[in-house]
Amino acid sequence: MRTLARSLRPIRLSLQHKKCNYSGGFMNTRKHLIETNTGSLCKFTDNAEFNRFRYLTYTISRAMLADAAKVTNGDVNGAGPLVEYERRIAAGELVDGDSFQVDTLRELQRLYDELVASADACRLDRYSASEKAGRSRWLWSRFIPQSSYSPVKGLYLFGGVGTGKTMLMDLFFDQLPSSWRKKRIHFHDFMLNVHSRLQKHRGVADPLEAVADEISDDAILLCLDEFMVTDVADALILNRLFRQLFSNGVILVSTSNRAPDNLYEGGLQRDLFLPFIATLKERCIVHQIGSSTDYRKMTSAEQGFYFIGKDISGFLKQKFQQLIGEHTAGPQEVEVVMGRTLQVPLGANGCAYFPFEELCDRPLGAADYFGLFKKFHTLALEGVPILGLHNRTAAYRFVTLVDVMYENKGRLLCTAEGSPQELFERIVTISDAQHRAPRTSSRSRKVDDFDLCVDNELGFAKERTISRLTEMNSKEYLEQHADMFLAGK
């Protein structure tokens, strides 16, 4: 198998230099009957916008696409993300994208080829080393401090919202051999896992080192989606944690909306976080996806369950009842972490009903939301308000809730005071605030002065949340949700 992989390497490398026709990353999903609301009160985009954004594509011959499809359909298993991308284009599973994704795919293919060539040196294959040798290494490491940095550097991908970062990383991850020590996880979930492990190792001389050893024993290649630091507790442990992980040979592949130098910008005690940025840049190649196209907004977003208006809770409850069918909704309890539980006001048939205040105005976080979506696939959220300075903490929680819901492919029904764009109009970055035009009326000034929330982290995250709310309301997303729901039955 290794000989076959080496013989195909020149073919893969040559493909990297061909001009190809790449995709924005939307799958043509199978058609399933799903319950949608054709009379949605908020329309985000139309098909004309899709055509307007399709620009700057590359061309590739049908013969080359056919060959790529033939290779990845059966002749070779796991030829890399670039070849798999071409196969999906040839099969009509992906639509045309832009040149920025081409550059990113070349970086991912380069990393893939380096990992395949250095798999033994990187200790990627979990079955290559004997159990006895593993125990021997562990024993010696207890007495003699060892450092084993990987010969291959990782990759840090950053760019605007909806540019296909997650899709491209998943494409890369899915092509890796199943026998490798690899893990793909959302950053929120990863940090929850770290804190849970720290609790377990309380009383140990160096619990952070023990946690890093456990993580690296499980996965040498760590793929983290949506790297975003907003919590001071996370910020203070990341440097030591990742120094130990990198010292153990871990290779990091990550996606983020922010450049490394902009992580945790304006956060408490950021000076203690800065060494982590230097470590990250030392152990990862930083690559920006320069596209300004948000592919999530190219979906048929008028199909969903996003209802705008006040005093329409009765309408939302009616829709909720339609989804649960003959089941009877009642209070339920969800296990979270470390013995904690979350009370669900109404739940039945995989659907949960919450007023906005119950989920976002209480001291809840990502752990609670992950626990919720382990038990429920649909959330009905009543009364999402316009967000601003007066409810900034609730806005942070709402952003986290949408992130967790999107990561778990959850379905959202909600009533809101405005469209996703309108919900976040009063939240701006420092730069945005400096460029805002002065208001002429005293009433406008009052709104701006007293409810304008100038927050760099939240102002940056809002674009991702708007983009995700738009996609979650689309026909394509709801079909994918229906596919997953039917497959799980």
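Residues numbered from 1 in each chain as written. Predicted model: local features only at pLDDT ≥ 70, side-chain atom pairs only at ≥ 80, totals over all residues. Heavy atoms only, no water.

The protein chain has the name AFG1-like ATPase in an unreviewed UniProt entry, where Castanea mollissima is given as its organism. Recorded under Sequence similarities (unreviewed entry), the UniProt text for the protein chain is reproduced unchanged: "Belongs to the AFG1 ATPase family." (UniProt positions renumbered as here; feature names shortened; annotations may be inferred.)

*Asks:* I'd like a rundown of the packing of helix α8 (residues 187-200) against helix α14 (residues 366-375), residues and numbers included.
*Replies:* Following both chains from N to C, one finds α8 and α14 inclined at 110°, their axes separated by 10 Å at the closest point. It follows that α8 is roughly perpendicular to α14 by the angle criterion. Where α8 approaches α14, its residues His188, Asp189 and Leu192 are matched on the opposing element by Ala366, Ala367 and Phe370. Across the contact of α8 with α14, the residue classes tally to four nonpolar, one polar and one charged. (Axes fitted to C-alpha atoms, helices over the stretch in contact; angles between N-to-C directions. Helix = DSSP H or I, 4+ residues; strand = E, 2+ residues; numbered from the N terminus. Parallel < 35°, antiparallel > 145°, perpendicular 65-115°, else oblique. Contact = heavy atoms within 4.5 Å. Nonpolar A, V, L, I, M, F, W, Y, C, P; charged D, E, K, R; others polar.)

*Asks:* Summarise the packing of aromatic side chains; cite the residues concerned and give the values.
*Replies:* Under the definition given, this model contains 15 aromatic pairs. Between the aromatic rings of Phe190 and Phe242, the centroid separation amounts to 6.1 Å while the plane-to-plane angle is 50°, which identifies the pairing as tilted. Note that Phe190 is positioned in helix α8 and Phe242 in helix α10 (residues 232-247), a separation of 52 residues in sequence. Residue Phe242 is classed as buried on the basis of its relative accessible area, which comes to 0%. Ring pairs connect the aromatic residues Tyr156, Phe158, Phe187, Phe190, Phe227, Phe242, Phe246, Tyr264, Phe273 and Phe276, which therefore count as one cluster. Over the face of the ring belonging to Phe460 we find Arg258, whose NZ or CZ atom lies 4.1 Å from the ring centre. Sitting over the ring of Tyr406, Lys409 keeps its end group 5.1 Å from the ring centre. (Phe/Tyr/Trp six-rings, centres within 6.5 Å; stacked < 30°, edge-to-face > 60°. Buried < 20%, exposed > 50% of the residue type's maximum accessible area, 1.4 Å probe, protein only. Lys NZ or Arg CZ within 6 Å of the ring centre and 35° of its normal.)

*Asks:* Provide a residue-level description of the sheet that holds strand β9 (residues 351-355), including the pertinent values.
*Replies:* Sheet strands pair by backbone hydrogen bonding; their relative direction is either parallel or antiparallel. With mixed pairing, six strands are arranged side by side in an open sheet as β6-β11-β10-β9-β8-β7. Looking at which strands have only one partner, the edges of the open sheet turn out to be β6 (306-308) and β7 (330-335). Between one strand and the next, the sheet's axes are offset by a mean angle of 25°, whatever the strand orientation. Pairing geometry for β6 and strand β11 (residues 411-416), over three bridges, is parallel. Of the residues in β11, the one forming a bridge with Tyr306 is Cys414. (Pairing = 2+ DSSP bridges.)

*Asks:* A description of the side chain of Lys182 should follow, citing residues and the corresponding values.
*Replies:* Secondary-structure assignment places Lys182 in strand β2 (residues 182-186). Buried and unpaired, Lys182 has Asp174 as its nearest opposite-charge partner, separated by 6.1 Å. Within the local environment of Lys182, its side chain forms a polar contact with the backbone oxygen of Leu176, the two atoms lying 3.1 Å apart. Residues in contact with Lys182, not counting those within four places in the same chain, are Arg126, Phe173, Leu176, Pro177, Asp218, Ala219 and Leu221. (Lys, Arg positive; Asp, Glu negative; His and termini not counted. Salt bridge = Lys/Arg side-chain N within 4 Å of Asp/Glu carboxyl O. Polar contact = N/O pair within 3.5 Å; in protein donor to acceptor, adjacent residues only side chain to side chain.)

*Asks:* Tell me about the pairing of strand β1 (residues 154-159), residues and numbers included.
*Replies:* Where burial is concerned, most of β1 is hidden: six out of the six residues are buried. Pairing of β1 with strand β5 (residues 284-289) involves six bridges; the strand directions are parallel. Bridging from a neighbouring strand, Gly154 pairs with Cys284 of β5. In this sheet, strand β4 (residues 251-256) lies alongside β1 in parallel orientation, the contact comprising four bridges. Paired with Tyr156 across the bridge in β4 is Ser254.

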